[in-house]
Amino acid sequence: MVSTSSSVCLDRPTPHMRPLARTRHRNACAALALRWRGITSNDFGTLLGSNLRILKSIILQEGTGFAKVWMKSSKSLISYESGRIYFENYRCCYSSLTPQPQLLYELPKQSKAEKIEDSLLCQCPLDHVLPQASEQKPSLLALTANNWLYCLSADNGETLHKVYLSSRFKFRSLGWDISQETFYVKSIQHKQTVQARQAGVENNILMHLAIFKVFPLDVVGMLEINKKVFGKSTVDVLLSQGVLAVSHSSKCVKLYSFEYIVEKFRTRELVLGEQCDLYGPRGTVGEAPYGIPVNIQIKECPPVLFEVSYFDNGIQIGGHPWHYIHTPNHKRHRGTHHICSIRDGTLAKNGVQEMDCDSLEADWIFFHPDDSGRIIHAGPSTIKVLNIKTEAGIDAHYEVVPDFSISATRDNSLYSQVTVTSSGRTVKRRFQQLDDDPGQETFKMVKYEDELDLLAIVDVSHTEDEGQANVRLHDNKNGALMKRISLKEPWDVTYCHEVHFDRDTVIHIEQQRNNNFCCHVYKINRRKNV
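Residues numbered from 1 in each chain as written. Predicted model: local features only at pLDDT ≥ 70, side-chain atom pairs only at ≥ 80, totals over all residues. Heavy atoms only, no water.

## Focus: the pattern of salt bridges
At step 1: Enumeration according to the criterion identifies 21 salt bridges in this entry.
At step 2: Glu-106 is the salt-bridge partner of Arg-91, the closest N and O atoms lying 3.4 Å from each other. You can see Arg-91 sitting in the loop between strand E3 (84-87) and strand E4 (92-95) and its partner Glu-106 sitting in strand E5 (residues 102-106), a full 15 residues away along the chain.
At step 3: Since its relative accessible area comes to 10%, Arg-91 is described here as buried. (Salt bridge = Lys/Arg side-chain N within 4 Å of Asp/Glu carboxyl O. Helix = DSSP H or I, 4+ residues; strand = E, 2+ residues; numbered from the N terminus. Buried < 20%, exposed > 50% of the residue type's maximum accessible area, 1.4 Å probe, protein only.)

## Considerations on the sheet that holds strand E36 (residues 505-511)
At step 1: Spatially, the four strands line up as an open sheet ordered E1-E37-E36-E35, and their pairing is antiparallel. The open sheet has two edge strands, strand E1 (64-74) and strand E35 (497-502), and neither has a second partner. The average undirected angle you get between the axes of adjacent strands in this sheet is 15 degrees. (Pairing = 2+ DSSP bridges. Axes fitted to C-alpha atoms, helices over the stretch in contact; angles between N-to-C directions.)

## Some details on empty space enclosed by the protein
To find the voids left in a structure, one rolls a probe of water-molecule size over its atoms.
At step 1: This structure, assessed with the given rule, holds two cavities of 30 Å³ or more.
At step 2: One number sums up the size of the second largest cavity: a volume of about 100 Å³.
At step 3: Lining of the second largest cavity is provided by Cys-122, Glu-135, Ser-139, Leu-141, Cys-151, Leu-160, His-161, Val-214, Phe-215, Pro-216 and Leu-217.
At step 4: Residue assignment for the lining of the second largest cavity shows that the elements contributing at least two residues are strand E7 (139-144) and strand E9 (159-164). (1 Å grid on protein atoms, 1.4 Å probe; cavity = no way out; pocket = protein on both sides within 12 Å on 5 of 7 lines; lining within 4 Å. Points joined across faces, edges and corners; volume = space filled by probe spheres on them.)

## Re the packing of aromatic side chains
At step 1: Summed over the entire model, instances satisfying the criterion amount to 10 aromatic pairs.
At step 2: Consider the rings of Trp-70 and Tyr-94, whose centres lie 5.3 Å apart with planes at 45 degrees: the pair is tilted. Of the two residues, Trp-70 sits in strand E1 while Tyr-94 sits in strand E4, which places them 24 residues apart along the sequence. Summarising the burial analysis for this pair, Trp-70 and Tyr-94 share the class buried.
At step 3: Ring centres 6.2 Å apart and planes at 80 degrees place the aromatic pair Trp-176 and Phe-183 in the edge-to-face group.
At step 4: Note on Phe-183: relative accessible area 0%, which makes it buried. (Phe/Tyr/Trp six-rings, centres within 6.5 Å; stacked < 30°, edge-to-face > 60°.)

## Digging into the confidence of the model for the protein
At step 1: When the pLDDT values of the protein are averaged, the result is 85; 84% of them are 70 or greater.
At step 2: Least confident of the elements in the protein is strand E30 (residues 426-428), whose mean pLDDT is 60; most confident is E36, at 97.
At step 3: In this model residues 1-25 is a low-confidence stretch, pLDDT under 50, and it forms 40 contacts with partners more than four residues away in sequence or in other chains. (pLDDT = per-residue confidence, 0-100. Contact = heavy atoms within 4.5 Å.)

## What to know about unusual backbone geometry
At step 1: A cis geometry characterises the amide bond from Phe-215 onward to Pro-216, with omega recorded as -10 degrees.
At step 2: With respect to the helices and strands, Pro-216 occurs in the loop between strand E12 (205-213) and strand E13 (218-226).
At step 3: Omega for the peptide link from His-320 to Pro-321 comes to -5 degrees, which places this bond in the cis form.
At step 4: For Pro-321, the location among the structural elements is in the loop between strand E21 (316-318) and strand E22 (323-326).

## Description of the environment of Lys-228
At step 1: Among the structural elements, Lys-228 can be located in helix H4 (residues 227-230).
At step 2: Exposure remark for Lys-228: the relative accessible area of 63% places this residue in the exposed category.

## Regarding helix H5 (residues 258-265)
At step 1: Restricting attention to buried positions, one finds in H5 the residues Phe-258, Ile-261, Val-262 and Phe-265. Down the axis of H5, the buried side of the element spans an arc of 105 degrees, and every buried residue falls inside it. Opposite the buried face of H5, at more than 90 degrees from it, the exposed residues are Glu-259 and Glu-263.
At step 2: Looking at the buried residues of H5, the elements they touch are E12, E13, strand E14 (234-240), strand E15 (243-248), strand E16 (252-257) and strand E19 (296-297). (Arc of directions from axis to C-beta.)

## With respect to the pairing of strand E24 (residues 347-354)
At step 1: As paired strands, strand E23 (residues 336-341) and E24 are joined by four bridges and run antiparallel to one another. In the strand pairing of E24, His-337 is matched with Gln-353.
At step 2: The hairpin turn running from E23 into E24, its antiparallel successor, is five residues long, and Gly-345 in that turn takes a positive phi close to 80 degrees.

## Concerning the layout of surface pockets
At step 1: Empty space within the largest pocket amounts to approximately 1,100 Å³.
At step 2: Its residues assigned to classes, the lining of the largest pocket comprises 12 nonpolar, seven polar and 10 charged.
At step 3: Empty space within the second largest pocket amounts to approximately 880 Å³.
At step 4: Elements with a minimum of two residues in the lining of the second largest pocket: E14, E15, E16 and E21. (Nonpolar A, V, L, I, M, F, W, Y, C, P; charged D, E, K, R; others polar.)

Here it is as structure tokens:
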């Protein structure tokens with residue numbers, strides 16, 4: 001734990017004693033004393049890093065606790081991202097950065113056709129200046145039920161841009177291709193009409209993707225996904241990191257280069273607000289009723305970059321060097337996770353990971369969000385952090401090794417298969433205790449706070465027929481438990497929950513009875529006797 005001793009000399013130094021930009025002050029009081037005397041770096045990144053280290057030190061102090069400061073219920077879904085809490089389908093936005101959440105803006109009530117169905121939060125770019133000052137601030141990309149894409153100010157809800165997508169296709173969801181650079185809007189799957197089926201007309205168009213750049217907002221094109229090109233078994237597509245991933249009903253996924261597709265199959269570049277007569281009557285790109293015309297028509301299947309079959313949950317790609325995680329498409333592999341090199345598909349040594357537990361809920365595995373290349377494998381009673389390393393003495397062969405593990409507190413007496421009654425009779429249990437039994441401490445989720453470099457783990461146990469949840473803060477480097485935060489409200493395991501740990505704030509969003517939702521906000525506080 002970082003020292004926070006206040007016995008620091010506050011004598012004013014000579015003017016030439018300015019520390020270098022890379023100097024680090026591990027003691028929070030020392031860093032604050034230097035800042036009070038005007039000794040600080042002019043580099044914003046260094047200053048921010050110093051501020052976060054001070055905040056982390058304060059949070060992890062024994063005398064620092066977390067208190068519930070606010071709660072609000074809603075009859076619709078509640079979502080949270082980057083210090084903003086959204087209610088009523090993104091119509092109302094509250095800031096969680098203040099001591100108590102405050103209303104940032106409230107949009108006018110809209111009809112059902114105009115409600116926001118999905119959104120993405122854009123942070124302002126730091127590497128270049130945009131033409132308009134309003135675009136240099138965070139914004140919310142919002143997709144409405146009637147196919148409008150809005151760019152709203154994240155601070156006051158003002159409409160900065162709006163783009164009409166199409167009068168022919170229904171769009172439903174948003175997703176990042178490359179975070180904060182390019183995104184896509186995905187349509188629903190096109191179903192064959194009764195009239196077309198009766199006439200024997202076959203529908204091969206599965207869906208459409210509209211791809212945009214941000215900062216400033218610009219259109220790349222409208223992409224058509226045709227089953228004649230990608231195969232009759234095509235069931236879904238998505239874009240990620242410049243790769244078009246196509247899923248098939250045969251539990252197979254194929255990856256294609258989106259850059260290659262644009263260069264070879266884009267018939268014309270589109271500009272928002274300009275006239276266009278592509279494949280039909282002339283109209284204005286991005287305005288109703290013309291929308292965004294299809295300008296990327298794939299006539300032949302592009303080269304396959306990568307192909308793999310899976311049993312369930314698809315595949316994940318990450319690690320250093322590149323690996324992928326999947327469950328092979330055979331029932332004997334159910335419950336296992338295989339870690340393979342993306343270069344040639346070779347299974348890493350110790351690459352078959354299996355959580356040895358009996359539970360109602362499945363374990364989960366994912367690449368660590370801290371870009372370390374590590375892997376987090378979590379179950380109801382154990383969380384393992386794994387590393388991918390080059391196997392000793394063998395080039396281009398890799399081994400999965402444990403970095404550290406975190407275990408839940410367990411009362412082993414509850415697992416005893418043999419008990420003795422008060423009369424002395426020995427009774428043997430006929431059932432196996434589950435690892436996620438309500439009477440035991442059970443892990444429910446794992447989050448990573450990147451600015452404080454802490455793992456936030458939610459554990460739940462039951463006392464007096466009520467679930468009690470805690471947010472545990474662990475050191476991201478070695479897994480050491482640094483702090484435990486108790487949530488005051490009961491945790492009902494039969495409903496969905498979401499927990500966010502963001503700097504000095506804990507946000508718990510829970511589903512309640514009758515499809516209602518509630519948001520609880522906790523902030524750090526200092527006990528007076530410390």
